[in-house]
Amino acid sequence: MSASPGVNPAQPAARSWYAVHTFFWTRAAITAVALLATLLPTHARLEREGASPLLHDLGWPIDLWARWDSVWYLMIAEQGYHGAAETLAFWPLYPALVAALGAMLGGHDLTAGVLISLVSLLGSLVLLERLGVRLVGGPSARRAVLYVALFPTAFFFGAVYSESLYLLLALGAFLLAERGRFLPAGVVCGLAILTRVAGVALLPALAIIAWRSGQRRRALLSLAAAPLIASAHLLVVHDTRGSLDDLYGAQALWQRHLSPAGPLGGIWHGLGKAWTTALELGDPGGPDLLWPSELVNAGFLVLFVALAVVAWRRVGAPYGLFAALSLALPLSFPATPSPLLSLPRFGLVVFPFFLALGVLGERTRVNAAIVGISAMLLVLATVEWVRFGWIG
């Protein structure tokens, strides 16, 4: 069993009713905001973004959870990887589940995607509470559950995106490893990588827990199940397209390129872009004052770096490493012309950030500030999402 700081292997699992209650009331609140946002006027250009028939299913109460990248997941669910090369940037487990459930629902893939995301979120909150009790204690764990459910980009948890599924699998892998069940942890880790390539950040962190276990060699070998399972995607792509060339070049199609300076390159260019954006505020044709993406992304970058440090010190080295690697990966592949593109969404699934916040929120005023600021930004972001504004 791991000797991570704060872990008490003999401590019973936390009861999950808080997580369940938090799931229902936060999703009800986010849904209410989203439905009210549909009453606001929408720019004609933004309306055209939703012209794809894949983004329409049972009517607007369901359709509003399909925006932007949702079309790629739905395209994969319908056609596999036979279509545009851009689809190869999206890994297969989530769209495969959407296709399977959609077939059971009579071809309603969009509805299937929403259901999978919501069920995965419920499971994620339950597991976060249980794992958090082991690592940081009950009060901090419950605050972490609340913070992730109210995070400014938490509306993605109910959308046709893979965030909820990935978070569920990442938490499951860590919880299994903490319980000494390394083979199931390796299997779940492999499934997480099949959901998002960023899941590779799980392996080094899980390896630390395995190294600290009583059966070090057996534990480490068990984790080898992860790359074996993840390699199934390479076989599928090769069988579908005849080579892996398109897979290797998929990120370039989305204007992401490896920085020679690694994550430092993303940080440098991201902060530089934020400074330029700040100078343009108020100018005609300047950034949107409701959600100035470059400034917002830079703010989240600073926050995530700080939380990664706190996670390492207060939650444990495996969790700090997972947080650091999860942040380093997108920073090493900055987008053009927005180097920190989607960073608030990427951070949404890095659960050690929220465990760290749960620890920091022990003081009543700090807790109130976190909840208040996060909820306010969540409302703004949800409104923008519904109106086809770009959020993450």
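Just so we're clear, the structure is a prediction, and the values are computed from it rather than from any experiment.

Turning to the side chain of threonine 277, a few remarks are in order. Within the element layout of this structure, threonine 277 appears in helix α16 (residues 263-280). Engagement of the side chain of threonine 277 in a polar contact is seen with the backbone oxygen of lysine 273, the distance being 2.9 Å.

The next thing to look at is the confidence of the model for the protein. Per-residue confidence for the protein averages 90 on the pLDDT scale, and 91% of its residues sit at or above 70. The model gives residues 1-14 a pLDDT under 50, and that stretch makes 36 contacts with residues more than four places away or in other chains.

Glancing now at the nonpolar core. The biggest cluster of nonpolar side chains holds 119 residues, and the ones touching the most others in it are Phe155, Phe174, Leu202, Phe322 and Phe351. Per-element tally for this core: the top contributor is helix α6 (residues 109-136), with 12 residues. Ignoring anything within four residues of it in the chain, the contact list for phenylalanine 351 reads Leu128, Leu131, Leu167, Ala170, Leu171, Phe174, Tyr319 and Phe322.

Let us look at the packing of aromatic side chains. Going through the model one piece at a time under the given rule, you end up with 22 aromatic pairs. Look at tyrosine 73 and tyrosine 94: their rings are 5.3 Å apart centre to centre, the planes differ by 85°, and that puts the pair in the edge-to-face class. Of the two residues, tyrosine 73 sits in helix α4 (residues 70-79) while tyrosine 94 sits in helix α5 (residues 93-104), which places them 21 residues apart along the sequence. A cation over a ring is seen here: arginine 67 above phenylalanine 388, with NZ or CZ 3.9 Å from the ring centre. The cationic tip of arginine 196 hangs over the ring face of tyrosine 166; the distance from NZ or CZ to the ring centre is 5.5 Å.

Vacant regions in the atomic arrangement are exposed by a probe of water-molecule size rolled over the atoms. Taken as a whole, the largest pocket encloses approximately 910 Å³ of empty space. Considering the residues around the largest pocket, the lining is formed by 31 residues, among which Ala89, Val197, Gln251, Arg256 and Phe346 are closest to the centre. Mapped by element, the contributors of at least two residues to the lining of the largest pocket are α14 (245-248), α15 (250-253), α18 (317-332) and α19 (343-348). Residue contributions to the lining of the largest pocket peak at three residues, all from α18.

To continue, consider a nonpolar patch on the surface. The grouping of Met104, Leu105 and Leu115 at the surface amounts to a nonpolar patch, some 300 Å² of accessible area in total. Residue position: leucine 115 is located in helix α6. Accessibility expressed as a relative area gives 38% for leucine 115, which makes it partly exposed.

For the rest of this paragraph, the subject is helix α8 (residues 163-178). Taking 1.5 Å per residue, 16 residues should reach 22 Å; α8 reaches 23 Å between its end C-alpha atoms and fits that length. The buried fraction of α8 is high, at 15 of 16 residues. Remark: glycine 180 follows α8 within two positions and exhibits a positive phi of approximately 80°.

Thresholds, definitions, all that
- Residues numbered from 1 in each chain as written.
- Predicted model: local features only at pLDDT ≥ 70, side-chain atom pairs only at ≥ 80, totals over all residues.
- Heavy atoms only, no water.
- Helix = DSSP H or I, 4+ residues; strand = E, 2+ residues; numbered from the N terminus.
- Polar contact = N/O pair within 3.5 Å; in protein donor to acceptor, adjacent residues only side chain to side chain.
- pLDDT = per-residue confidence, 0-100.
- Contact = heavy atoms within 4.5 Å.
- Core = buried A, V, L, I, M, F, W, Y, C linked by side-chain atoms within 4.5 Å.
- Buried < 20%, exposed > 50% of the residue type's maximum accessible area, 1.4 Å probe, protein only.
- Phe/Tyr/Trp six-rings, centres within 6.5 Å; stacked < 30°, edge-to-face > 60°.
- Lys NZ or Arg CZ within 6 Å of the ring centre and 35° of its normal.
- 1 Å grid on protein atoms, 1.4 Å probe; cavity = no way out; pocket = protein on both sides within 12 Å on 5 of 7 lines; lining within 4 Å.
- Points joined across faces, edges and corners; volume = space filled by probe spheres on them.
- Patch = residues over 30% accessible without salt bridge, like charges linked within 9 Å, V, L, I, M, F, W, Y side chains within 5 Å.
- Areas by Shrake-Rupley, 256 points an atom, 1.4 Å probe, with all protein chains shown as cover.
- Salt bridge = Lys/Arg side-chain N within 4 Å of Asp/Glu carboxyl O.
- Expected span 1.5 Å × (residues − 1).

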